[in-house]
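Tertiary structure, described
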Amino acid sequence: MKTVITDVLVIGGGLAGLRAAIGVRNRGHEALVLSLVPPKRSHSSAAQGGMQASLANVIRGQGDCEDIHFEDTVRGSDWGADQIVARMFVNTAPKAVRELAAWGMPWSRITAGDREVIINGQKTTLTERQDAHGLIAQRDFGGTKKWRTCYASDGTGHAMLFTVSDQAIRRGIAVRERVEALSLIHEGGRCYGAVARDLVTGEIFSCLAKATVIATGGAGRLYRVTTNAVICEGMGHALALETGVAPLGNMEAVQFHPTGIFPAGILVTEGCRGDGGVLRDAEGRRFMPDYEPEKKELASRDVVSRRMEEHIRKGNGVASRFGEHLWLDITQLGRRHIEHNLREVKEICESFLGIDPAEKWIPVRPAQHYTMGGVRTKYTGESPWLEGLFAAGEAACWDLHGFNRLGGNSVAETVVAGMIVGEFIADFCDDPNNSIDAPLTLAKTCVRREEDSLRALLASHGQENAFRLCAEMQEIMTRCMGIFRHADGLQDGMHHLQRLLQRSRDIGISGKSWGSNSELVAAYRVRRMLKLALTIAHGAYQRTESRGAHFREDFPQRNDREWLKRTLAFWPEEEATLPTLSYESLDVTKMELPPGWRGYGAKNHIEHPETEARQFAVERIRSHAQTQGKDRFTLQEQLMPYLECLPANLRGKNERLDEPLENEE
């Protein structure tokens, strides 16, 4: 048996995994990255619109700061976020943007003087400040009070991934491409690494490490129409779930992006609407002001997606041979803007739709986009249930996003979580008590178990086909666990998914190759995907309220009294057909921003019994601080201390044009 030993094993070669690996390497620890694809082809490269950070550079971002970004993030999450984590995130995001710039990231930059933009469908002239000339530019995104999203045209993720990957190469970080982790090696509440498989040769080997990091991205391929790449099948989620020890959090929280091109579902960035694009119906009428008169197309993604589907239900969709859709109109932005700031959108429209978006409207409909749920971790990124197991990025329930993610906060989370969690991983490795002391017999047992499982699959003469099972699962998830959910549909979906899981135990494989074998890969992955699908469905059925992206038509109110809590899902044993659920309550008495009205639709949520008292306490603290002349930093620490949670090297204040650090006493 081949065994690889390293300090830190990172499963996933996207932005979160690479940045965490850089963090531990900077602290003198070895890191090994396992990636399904070459890192520069990771799904992180698909992020188009930008990364949120409160730099306050552009004139429409003036006055922005961590406090406003924090409030936008918590409100966007529909009060499902961990507010300590949200504070850590907004404090570190400007540092991450500037670090990337120092590494050569080609951020779009500000040109001082007048420029013409589209705001609320109307041409407007903005005048950028002379002292902002050359600073990082920022655009408008949904659910935010300020223009905060830093971007590189509409290829932000691509540029970020190449920048970070080059830094990993510079530090000599080892990457094993086309290698998949099959299971975690763990015993007695301690994770020791993973069993891995080379997808080309079929070789199975063990990777032993002081710390193991899951950074495998999302699980969009559980759905038929998704903006996610084909590798986003949730295998990192499944690694934790199948331990039976480390739970997943909030898996029912699944975000749909309003503008997937129809019918393919390929992402059209929120930057299109942030830059002034509008949504139109079959009659060519702009309809979002009817539903959300304040934010219109730039309401939170879950809100816009629901409004679009509501509008189609009312008979306003555009008929086509593939079904109904709506239009995204960016023609008024002009050809020059589209070809400079939305180049990737133009190429996608030309390649997949055969249209020029500078002249014709883009057919769009909401598509599955982001998995808010993931491996439940502490603010350090470590699982509280399995020591030595960390997670970062979309694969983690850190929990920054709660039940809805703001656009621009995900690609920001990858590098910010990589920075923060990377420091905590290095601290873990510095501790002499956390040496690599896994018994080799344990590693051999785990490898042998995976080898036996694959041999059994190859020898099977079962009647089921893995690809057909996957397609059926995707149809069920799209039909029953989509934007709108109802008890009847959820029950029906769970019933069919359980049958599919049982059928997946009778998969037959025609190709018997031990090495490169897509049929074999599909066979062992589809079982895990079905477990994740059932985790989403069961969590959605049990959560009898609507919160963020989880919308129950039979329970349309957000119910803080009963459901201000995080779902935890365990898979008890291999033969089970449903996860075991438990719940983790959010402590209102420690919140800086107590639950309230989100700002969309009617004020019809059911309040938590402690909200009123906490709101009174917050107002009293604010009033006292104002009377005493305290600055916002002192006030914030009185409301909810968090700085001690951050690694020491990331606690510093962020400089802005209107907040120069040199003026500090």
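Structure shown above.
A brief report on the enclosed structure follows. (Residues numbered from 1 in each chain as written. Predicted model: local features only at pLDDT ≥ 70, side-chain atom pairs only at ≥ 80, totals over all residues. Heavy atoms only, no water.)

**Section: the pattern of salt bridges**
- For the structure on display, the rule yields 66 salt bridges.
- Across the pair glutamate 252 and arginine 543 runs a salt bridge whose closest N-O atoms are separated by 2.9 Å. With glutamate 252 in the loop between strand S12 (248–249) and strand S13 (254–261) and arginine 543 in the loop between helix H15 (518–542) and helix H16 (560–563), this pair connects stretches of sequence that are 291 residues apart. Arginine 543 shares its class with glutamate 252; the two are buried.
- We note a salt bridge from glutamate 310 to arginine 307, for which the minimum N-O separation is 3.2 Å. With glutamate 310 and arginine 307 both in helix H8 (residues 301–316), this residue pair falls three residues apart, about one helical turn. (Salt bridge = Lys/Arg side-chain N within 4 Å of Asp/Glu carboxyl O. Helix = DSSP H or I, 4+ residues; strand = E, 2+ residues; numbered from the N terminus. Buried < 20%, exposed > 50% of the residue type's maximum accessible area, 1.4 Å probe, protein only.)

**Structural notes on the pairing of strand S5 (residues 122–128)**
- Inspection of the sheet shows strand S4 (residues 113–119) paired to S5 by seven bridges, in the antiparallel sense. Across the sheet, residue valine 117 finds its bridge partner in S5, namely threonine 124.
- Two successive antiparallel strands, S4 and S5, enclose a turn made up of two residues, where asparagine 120 displays a positive phi of approximately 55°. (Pairing = 2+ DSSP bridges.)

**What about the packing of helix H1 (residues 15–26) against helix H11 (residues 409–430)?**
- Between H1 and H11, the least distance of the axes is 7 Å, while the angle of their chain directions is 30°. Viewed along their axes, H1 and H11 form a crossing whose handedness is right-handed. Contacts from Leu15, Ala16, Arg19, Ala20, Gly23 and Val24 in H1 reach Val411, Thr414, Val415, Gly418, Met419, Gly422, Ile425 and Ala426 in H11.
- Its residues assigned to classes, the contact of H1 with H11 shows nine nonpolar, four polar and one charged. (Axes fitted to C-alpha atoms, helices over the stretch in contact; angles between N-to-C directions. Left-handed = near helix turned anticlockwise from the far one by under 90°. Contact = heavy atoms within 4.5 Å. Nonpolar A, V, L, I, M, F, W, Y, C, P; charged D, E, K, R; others polar.)

**Some words on H15**
- Here H15 is 25 residues long and its end C-alpha atoms lie 36 Å apart, about the 36 Å a rise of 1.5 Å per residue gives.
- Its maximal kink placed at arginine 525, H15 deviates by approximately 25°.
- Within H15, 21 of the 25 residues are buried, leaving the element largely enclosed by the surrounding structure.
- Among the residues of H15, the N-terminal cap falls to asparagine 517, whose side-chain oxygen and the backbone nitrogen of glutamate 519 are separated by 3.1 Å. (Expected span 1.5 Å × (residues − 1). Bend = angle between axes of the 7 residues up to and from the residue. Polar contact = N/O pair within 3.5 Å; in protein donor to acceptor, adjacent residues only side chain to side chain.)

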